[in-house]
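# A look at the structure
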Amino acid sequence: MVKENSNKTANIESIKVQEFDLNEIDLIKKLKGKPLLIIIYNNQCLGCTGRAIPLAYQYQQEYDNLQVIGIHTNFGTNQVTENDIKSIFTKDEIPFPIYLDSGHKVYDQFNSEGTPQWILITSEGVLYRSIFGSQTGSQNRLMYALEDLCS
């Protein structure tokens, strides 16, 4: 849930996702106090798996105080498993926490334009930026936003 405050910035009250065992968690409650870089993606999106996921991993390595989170949005009715998620990685491990967005609720919550959608949230839980895509222009906007958010 997104709520606009008096300063015209959006406080993020909750981001409800599922773990692989289908337990629901609220990322804002779990991770408040850290700046967040969330990538909303889909395993079937080649831009996501080929460019955006590696870029998210790179940013995780570069910024010590940043928590990178992946949210796989499911647009269909098939249940996505942990093995489905792991299938896009060269190692049999997930490089940062990834959660499931059944019914694309989080995708809709942030008015995503497609995948990948980058969401930056301050350590106070305020929406800082939302950036669509993994092409050069969007990567540059994301890089500048991260430098500002994490400085």
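Residues numbered from 1 in each chain as written. Predicted model: local features only at pLDDT ≥ 70, side-chain atom pairs only at ≥ 80, totals over all residues. Heavy atoms only, no water.

## Here we look at unusual backbone geometry
- Of the consecutive residues Thr 115 and Pro 116, the connecting peptide bond is found in the cis state with omega at 0°.
- Relative to the helices and strands, Pro 116 is located in the loop between helix H4 (105-109) and strand E8 (117-121).
- Here His 104, not a glycine, exhibits a phi torsion of approximately 45°, which is positive.
- Topologically, His 104 is positioned in the loop between strand E7 (98-102) and H4. (Helix = DSSP H or I, 4+ residues; strand = E, 2+ residues; numbered from the N terminus.)

## Structural notes on helix H5 (residues 136-150)
- With 15 residues, H5 extends 21 Å between its outermost C-alpha atoms, agreeing within 8% with the 21 Å of an ideal straight helix rising 1.5 Å per residue.
- Along H5, the positions that sit buried rather than exposed are Ser 138, Leu 142, Ala 145, Leu 146, Leu 149 and Cys 150. The buried residues of H5 all sit within an arc of 110° when viewed along its axis, so they share a single face. Opposite the packed face of H5, turned more than 90 degrees from it, sit the exposed residues Thr 136 and Tyr 144.
- Residues of H5 that are buried sit in contact with strand E5 (36-41), helix H2 (46-62), E8 and strand E9 (127-132). (Expected span 1.5 Å × (residues − 1). Buried < 20%, exposed > 50% of the residue type's maximum accessible area, 1.4 Å probe, protein only. Arc of directions from axis to C-beta. Contact = heavy atoms within 4.5 Å.)

## Points about the packing of aromatic side chains
- Per the counting criterion, the structure on display carries 2 aromatic pairs.
- Summarising the aromatic geometry, the rings of Tyr 59 and Tyr 63 are spaced 6.2 Å apart at their centres and angled 45° between planes, so their arrangement reads as tilted.
- Looking at Tyr 59, the relative accessible area reads 4%, which means it is buried.
- Overall, the relative accessible area of 13% leaves Tyr 63 in the buried class.
- On the numbers, 5.0 Å between centres and 90° between planes, the contact of Phe 75 with Tyr 107 is edge-to-face. Of the two residues, Phe 75 is situated in the loop between strand E6 (67-74) and helix H3 (82-86) and Tyr 107 in helix H4; the sequence distance between them amounts to 32 residues.
- The positively charged end of Arg 129 is found above the aromatic ring belonging to Tyr 128, 4.5 Å away from the centroid. (Phe/Tyr/Trp six-rings, centres within 6.5 Å; stacked < 30°, edge-to-face > 60°. Lys NZ or Arg CZ within 6 Å of the ring centre and 35° of its normal.)

## Digging into the side chain of Asp 26
- In this structure, Asp 26 sits in strand E4 (residues 24-26).
- The side chain of Asp 26 sits in the buried core without any salt bridge; Lys 29 is the nearest counter-charge, 4.5 Å away.
- Within the structure, Asp 26 has its side chain in polar contact with the backbone nitrogen of Ile 15 (distance 3.1 Å).
- Setting aside residues up to four positions removed in sequence, Asp 26 forms contacts with Glu 13, Ser 14, Ile 15 and Lys 16. (Lys, Arg positive; Asp, Glu negative; His and termini not counted. Salt bridge = Lys/Arg side-chain N within 4 Å of Asp/Glu carboxyl O. Polar contact = N/O pair within 3.5 Å; in protein donor to acceptor, adjacent residues only side chain to side chain.)

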